[in-house]
Amino acid sequence: MKILGIESSCDETGIAIYDTDQGLVADQLYSQIELHAQYGGVVPELASRDHVRKIVPLIEQACEEAGLTLDDLDGIAYTSGPGLIGALLVGACVGRSVAWALDKPAIEIHHMEGHLLAPLLEDDKPEFPFLSLLVSGGHTLLVDVQALGEYKILGDTLDDAAGEAFDKTAKLLGLPYPGGRYIAELATQGDNTRFKFPRPMMNRPGLDFSFSGLKTFTRVTWETEVELCSNDEEKQKLKADIAACFELAVTDTLSKKCVRAIKQTGLKSLVIAGGVSANVALREMLSTLGQKHRFKPFFPSPKYCTDNGAMIAFAGAMRMAANQYASYGEATIKAYPRWNLEQLS
Ligand code: KG4
Ligand code: ZN
């Protein structure tokens with residue numbers, strides 16, 4: 001079975017083809033980062049327009065890469081939410097139209113389900129059930145994954161998502177957008193013991209997260225300390241130390257909540273996915289804690305941590321194989337800017 005996957009929920013146009021016999025046979029990605037960088041964040045209308053420009057050429061390139069024609073496909077999977085409505089609609093319109101024209105099933109995929117299943121693309125993959133930490137620019141979720149489509153949210157963020165906190169801190173320190181990987185790079189040169197940043201919600205029971213207090217603490221620390229710097233070198237050192245202390249506070253909070261959830265559920269595997277799962281410090285911390293608390297962490301390879309078409313093609317293939325998808329007879333095009341992961345069946 002060959003499934004075309006279309007991802008267009010934010011600022012990446014991802015197109016891939018997953019073959020259930022051969023694995024991933026095409027993987028095309030176009031990132032709009034340069035387009036949005038000058039604005040310091042994603043401009044939704046520009047994102048939609050750029051998806052319109054890129055989506056069809058990328059589908060053609062994916063077919064060429066796989067040596068297939070559209071007729072060879074068995075289904076079209078596309079991200080139908082959550083995300084930016086205009087951006088989602090581009091993928092949904094193209095995906096459903098292609099499916100309709102070919103008289104093949106169209107499969108709506110929840111973006112976070114795509115992230116959650118991405119580690120299953122690897123050779124060393126987890127088996128159901130597992131715990132999943134989904135950390136992206138828009139979400140911070142701890143999910144009990146019993147089986148495909150059986151998702152129970154154990155923890156959520158009350159305000160900013162983990163990736164959003166990274167991006168806002170990067171902006172404060174004058175780093176490019178999206179700032180997660182720049183904070184991580186800078187943090188390697190910093191002293192993570194110079195300041196004691198708060199660990200939000202750690203001394204309360206439960207598995208929810210909150211990053212806005214940490215964001216404020218970071219801002220106040222930067223504004224206070226930068227006044228005391230007498231030259232550029234000291235300022236650069238301060239930036240690196242703040243990046244390191246901030247990264248440690250976020251990774252420590254995320255990791256400890258994972259351990260708490262592992263103890264609470266008795267699950268033995270932890271899947272970490274979404275853009276922030278590319279963070280090396282987080283990976284190292286969870287690997288160490290896994291040995292201590294006897295759980296096995298699974299990470300997607302870095303290119304499948306951030307948004308991509310492969311995870312959508314793969315999720316589509318899993319849903320089709322399990323006969324778990326909604327396919328409308330007529331050309332009904334739907335996109336959901338908000339969509340509860342627990343309500344997928
Ligand atoms: O999953 P993703 O590509 O898009 C959304 O669905 O939001 O995640 C993007 C987020 C951004 O906030 C970005 O700064 C963050 O992932 N990110 C990182 C790293 N690489 C990307 N955060 C921390 N460390 C990284 N190495
Ligand atoms: Zn994402």
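Residues numbered from 1 in each chain as written. Chains lettered and ligands numbered in written order. Predicted model: local features only at pLDDT ≥ 70, side-chain atom pairs only at ≥ 80, totals over all residues. Heavy atoms only, no water.

1. A look at helix α5 (residues 162-172)
The complete set of buried residues in α5 reads Ala 162, Gly 163, Ala 165, Phe 166, Asp 167, Thr 169 and Ala 170. Those residues of α5 that are buried lie in contact with β6 (130-135), β7 (140-147), α6 (180-187), α7 (212-226) and α8 (232-265). A positive phi of about 75° marks Gly 174, the residue just after α5. (Buried < 20%, exposed > 50% of the residue type's maximum accessible area, 1.4 Å probe, protein only. Helix = DSSP H or I, 4+ residues; strand = E, 2+ residues; numbered from the N terminus. Contact = heavy atoms within 4.5 Å.)

2. A look at the domain arrangement of the chain
Taken domain by domain, the chain comprises domain 1 (2-117 + 304-343) and domain 2 (127-299). At the junction of the two partners, domain 1 supplies 21 residues and domain 2 supplies 24 residues. Among the residues domain 1 hides against domain 2, the three largest losses belong to Met 112, Leu 116 and Cys 305. Together they make up 33% of the total. Connecting domain 1 to domain 2 are 0 salt bridges. Where domain 1 meets domain 2, there are 3 residue pairs in polar contact (both at pLDDT 80 or more). (Domains from an automatic or database assignment. Buried area = accessible area lost by both parts, 1.4 Å probe. Salt bridge = Lys/Arg side-chain N within 4 Å of Asp/Glu carboxyl O. Polar contact = N/O pair within 3.5 Å; in protein donor to acceptor, adjacent residues only side chain to side chain.)

3. Observations concerning the coordination of the zinc ion (ligand 2)
Protein-derived ligands of the zinc ion (ligand 2) are His 111 (NE2), His 115 (NE2) and Asp 307 (OD), with the metal-ligand distances lying across 2.0 to 2.1 Å. Expressed as a motif, the donor residue spacing for the zinc ion (ligand 2) is H-x3-H-x191-D. Here His 115, found in helix α4 (residues 111-117), pairs with Asp 307, found in the loop between β10 (296-298) and α10 (310-321); they are 192 residues apart in sequence, far enough to count as distant. Residue classification places His 115 among the buried residues on the basis of a relative accessible area of 1%. (Donors = N, O, S within 2.8 Å, 3.2 Å for Na, K, Ca; no water.)

4. Focus: the sheet that holds strand β4 (residues 75-81)
With respect to topology, 5 strands assemble into an open sheet ordered β3-β2-β1-β4-β5, the strand pairing being mixed. The sheet is open, and its two borders are formed by β3 (23-31) and β5 (106-110), each paired with just one other strand. Adjacent strand axes in the sheet meet at a mean angle of 20°, parallel and antiparallel pairs treated alike. Pairing of strand β2 (residues 12-19) with β3 involves 8 bridges; the strand directions are antiparallel. Its bridge partner being in β3, Ile 17 is matched across the sheet by Ala 26. Across the sheet, helix α2 (residues 44-66) lies against β1 (2-7), β2 and β3, angled at about 155° from β3, the strand it touches most. Together, β1, β2, β3, β4 and β5 form the strand contacts of α10, whose direction differs from that of β1 by roughly 135°. (Pairing = 2+ DSSP bridges. Axes fitted to C-alpha atoms, helices over the stretch in contact; angles between N-to-C directions.)

5. A word on the pairing of strand β8 (residues 150-155)
Regular strands place their side chains on alternate faces of the sheet. Relative to β8, β7 is paired through 5 bridges, and the arrangement is antiparallel. Bridge pairing in β8 links Val 143 to Ile 153. From the end of β7 to the start of β8, which pair antiparallel, there are 2 residues, and Gly 149 there has a positive phi angle of about 85°.

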